[in-house]
Amino acid sequence: MYTPEFAADPHGAYAEMRRRHGSLVPVLLHPDVPATLVIGYHTALRILHDQERFPADPRRWEKGVADTCPVKPMMEWRPNALRSSGVEHARYRKANVHSLGGVDLHGLRAVVQDVAIGLIDDLSRAGEADLITQYAYPLAFQVLNTLLGCPPEIGQRVATGMAKIFEGVDAEAGNAMLAEALAELVLLKKQHPANDVTTRLLQHESELDVPEMVHQLATLYGAGIEPQQNLIANALLLILTDERFSGDVLDGNLTVRDALDEVLYQDPPMANYAISYPPYPVQIDGVWLPADQPVVISMSACNNDPAIASDQRAGNRAHLAWSAGPHACPAQSAAYLIAQAAVDQILDALPEMELAVPADELVWRPGPFARGLAALPVIVPGSPR
């Protein structure tokens, strides 16, 4: 699952997995990291709602994994909601839900629009652009920094560290960079509280200490930059290449929200994640899963499980792109809003934008977890070049 070949055609790989193995597939996340990939929708739901047999705490697993393993930073234990179970999970999740619940969605839309307008002005003057590096990434980055009250200089180090972790390239150094930058942000907000997510986390009754704060923020950055960037870019790719959307969205028959839902079904930005670690051998669907080995939910494969196949996806949000159960993403409303506003803005401003290369020449970045393009080059007819 870490190879360029898998990245180029994951759905072909999922189909072959389903033919050979059914809903539970033995895979390698890295040459030395075996796991079970869940590709059956109903099986995934049972696992996601079963915290006793499928807890999210990886500490027993990671004892045998080298710190230099490139996928470890995406999977290792952290004192946060994503990697905890039971009482600790409830404590961390309550703090996160509270801090995110204080986001003014109307104000957030205005922030997205302001950031988008500046970025669109820059790329339209050039006449050509990479919509990832010049639009989706900087937009997600700037909007999240605003939500968290993070100064740009700290945010840039956070983003660089997070990118290393997602890419699995120098991930150990990226992990250290991320932790150092976020600790600075926490100390800054202790001294200068404001109306932002970080301050609300600090002031929550859970009384999170600095290390706990760092790890809550790492989770928010992990969810708020790379997956958000991929959701925006994958939606733009769909609208630019699929005639079901390219004409209808711009003509008003289908909405950008419908295009986002199609992406969240077909190519969700986190394609394989929602990892759990059975503490003892577990049988499910007639298969014994070993203790202390990762069980990874393939949101992408589950969404496209023939058992739930449907031609009607507009308005249908039964996909697993946000996970499900106790660990479901608490920031869905904000993530939808950011992506929709970002896509709306660029389509309104540059309706004649088109791909600069054939779609089959676009390259998907390798890696077992995320589904993202290496670049999304476009040209803007009528703009100076």
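As shown above, the structure is provided for reference.
Since we're looking at a predicted model, the values are computed, not measured. (Residues numbered from 1 in each chain as written. Predicted model: local features only at pLDDT ≥ 70, side-chain atom pairs only at ≥ 80, totals over all residues. Heavy atoms only, no water.)

*Asks:* Which residues make up the overall build of the protein, and what are the values?
*Replies:* What the protein contains, in helices and strands, is 18 helices and nine strands. Projected onto the principal axes, the alpha-carbon positions of the protein cover approximately 60 × 55 × 35 Å. Each of the 385 residues in the protein was classed as buried or not, and the buried ones make up 54%. Summing over all exposed atoms, the protein offers an accessible surface of approximately 16,100 Å²; the carbon and sulfur share of this is 53%. Seen as two clouds, the 28 positive and the 47 negative side-chain charges of the protein have centres 7 Å apart. (Helix = DSSP H or I, 4+ residues; strand = E, 2+ residues; numbered from the N terminus. Buried < 20%, exposed > 50% of the residue type's maximum accessible area, 1.4 Å probe, protein only. Areas by Shrake-Rupley, 256 points an atom, 1.4 Å probe, with all protein chains shown as cover. Lys, Arg positive; Asp, Glu negative; His and termini not counted. Charge placed at Lys NZ, Arg CZ, Asp CG, Glu CD.)

*Asks:* Can you break down the packing of aromatic side chains residue by residue, with the values?
*Replies:* Any aromatic ring pair is given by two values, namely how distant the centres are and how the planes are angled relative to each other. Tallying each qualifying case throughout the model produces five aromatic pairs. Ring centres of Y137 and F141 lie 5.8 Å apart, and the angle between their planes is 10°; this geometry places the pair in the stacked category. Of this pair, Y137 and F141 both sit in helix 8 (residues 132–148), four residues apart, roughly one helical turn. Residue class for Y137 comes out partly exposed when judged on its relative accessible area of 23%. Considering the side-chain rings of Y273 and F369, the 5.5 Å spacing of their centres and the 75° angle between planes classify their relative orientation as edge-to-face. Here the residue Y273 occupies a position in strand 4 (residues 272–276), and F369 occupies one in the loop between strand 8 (354–355) and strand 9 (377–379), the gap between them amounting to 96 residues. A single burial state applies to Y273 and to F369, both of which are buried. Between R59 and the ring centre of W77, over which it is positioned, the NZ or CZ distance is 4.2 Å. Seen from the ring of Y336, R257 lies directly overhead, with NZ or CZ sitting 3.6 Å from the centre. (Phe/Tyr/Trp six-rings, centres within 6.5 Å; stacked < 30°, edge-to-face > 60°. Lys NZ or Arg CZ within 6 Å of the ring centre and 35° of its normal.)

*Asks:* Any details on the environment of L123? Residues and values, ideally.
*Replies:* Assignment of secondary structure puts L123 in helix 7 (residues 105–126). Judged by its relative accessible area of 0%, L123 falls in the buried class. In this structure the C-alpha to C-alpha distance between L123 and V378, which are 255 residues apart in sequence, comes to 9.9 Å. When neighbours within four sequence positions are excluded, L123 is seen to be in contact with E128, A129, L131, Q134, Y135, I346 and L350. (Contact = heavy atoms within 4.5 Å.)

*Asks:* Talk me through the pattern of salt bridges; I want residue IDs and the actual numbers.
*Replies:* Following the criterion strictly, the structure yields 16 salt bridges and no others. Linking R91 and E212 is a salt bridge whose minimum nitrogen-to-oxygen distance equals 2.8 Å. Placement of the pair is R91 in helix 6 (residues 86–101) and E212 in helix 12 (residues 210–224), with a sequence separation of 121 residues. Relative accessible area serves as the criterion here: at 23%, R91 is assigned to the partly exposed category. The class for E212 is buried, based on a relative accessible area of 10%. The salt bridge involving K94 is made with E205; its shortest N-O contact spans 2.7 Å. Here K94, found in helix 6, pairs with E205, found in the loop between helix 11 (197–203) and helix 12; they are 111 residues apart in sequence, far enough to count as distant. Note on K94: relative accessible area 47%, which makes it partly exposed. (Salt bridge = Lys/Arg side-chain N within 4 Å of Asp/Glu carboxyl O.)

*Asks:* Quick rundown of helix 16 (residues 256–266)? Include the residues and the values.
*Replies:* For helix 16, the tally of buried residues reaches nine of 11 residues, placing the bulk of the element in the interior. By the burial criterion, the buried members of helix 16 are V256, D258, A259, L260, D261, E262, V263, L264 and Y265.

*Asks:* Got a sec to walk through the sheet that holds strand 8? Specific residues and values, please.
*Replies:* Reading across from one edge, 3-9-8 is the order of the three strands in this open sheet, with antiparallel pairing throughout. Here the strands that pair on one side only, and so sit at the sheet edges, are strand 3 (128–130) and strand 8. Here three bridges tie strand 3 to strand 9, and the two strands are oriented antiparallel to one another. Along strand 9, the bridge assignment pairs D130 with P377. (Pairing = 2+ DSSP bridges.)

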